[in-house]
Amino acid sequence: MPNQYFWINHNGSKEIAVFLPELIEDVTTGESIFGMWRLASDPDEVLFLHEIQVLSGPLTPPV
């Protein structure tokens, strides 16, 4: 299944982000968490589910 992009709200900023359905470790808490978000504008930034609000999506690719 391809990664899906969504409009999200992160700290009051509307961004396009991709949801990655992977099991990862939160280095601040040591917890294993399923799923993370990467911003399209800054792919190096990782966001967790509790840090964002999904506004709409998944986005449909252009034809």
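As shown above, the structure is provided for reference.
Below you will find a few notes about this structure. (Residues numbered from 1 in each chain as written. Predicted model: local features only at pLDDT ≥ 70, side-chain atom pairs only at ≥ 80, totals over all residues. Heavy atoms only, no water.)

On to the overall build of the protein chain, then. A count of helical and extended segments in the protein chain gives 0 helices and 5 strands. Counting helices and strands in the order they occur from the N terminus, the protein chain gives β-β-β-β-β. For the protein chain, contacts bridging at least 24 residues in sequence account for 35% of all contacts bridging at least 6. Entry remark: accessible area of the protein chain is about 4500 Å², with carbon and sulfur atoms responsible for 55%. (Helix = DSSP H or I, 4+ residues; strand = E, 2+ residues; numbered from the N terminus. Contact = heavy atoms within 4.5 Å. Areas by Shrake-Rupley, 256 points an atom, 1.4 Å probe, with all protein chains shown as cover.)

Quick look at the sheet that holds strand β4 (residues 46-47) now. Pairing is antiparallel in the open sheet, where 5 strands are placed in the order β4-β3-β2-β1-β5. Single-partner strands in this sheet number two, and they are β4 and β5 (53-56). Pairing between strand β1 (residues 4-10) and β5: 3 bridges, direction antiparallel. By the bridge assignment, I8 is partnered in β5 with V54. (Pairing = 2+ DSSP bridges.)

Quick look at the nonpolar core now. Among the nonpolar cores identified, the biggest contains 7 residues, and these are F6, I8, A17, W37, L39, L47 and I52. Going through the elements one at a time, β1 and β3 (32-39) are the ones with two or more residues in this core. For I52, the contacting residues outside a window of four places in its chain are I8, N9, H10, W37 and L47. Ranked by size, the runner-up nonpolar core spans 6 residues in total, among them L20, I24, I33 and M36. (Core = buried A, V, L, I, M, F, W, Y, C linked by side-chain atoms within 4.5 Å. Buried < 20%, exposed > 50% of the residue type's maximum accessible area, 1.4 Å probe, protein only.)

Attention shifts here to a nonpolar patch on the surface. Together, Y5, W7, L55 and L59 line one region of the surface with nonpolar side chains, adding up to about 350 Å² of accessible area. Looking at where L55 falls in the secondary structure, it is placed in strand β5. (Patch = residues over 30% accessible without salt bridge, like charges linked within 9 Å, V, L, I, M, F, W, Y side chains within 5 Å. Salt bridge = Lys/Arg side-chain N within 4 Å of Asp/Glu carboxyl O.)

Let's shift gears to the side chain of E15. Following the sequence through the fold, E15 ends up in strand β2 (residues 13-25). It turns out E15 is buried and unbridged, and the closest side chain with the opposite charge, K14, is 12 Å from it. Polar contacts involving the side chain of E15 include one to the side chain of S13, which spans 3.2 Å. Filtering out sequence-adjacent residues up to four positions away, E15 remains in contact with F6, W7, I8, L39 and S41. (Lys, Arg positive; Asp, Glu negative; His and termini not counted. Polar contact = N/O pair within 3.5 Å; in protein donor to acceptor, adjacent residues only side chain to side chain.)

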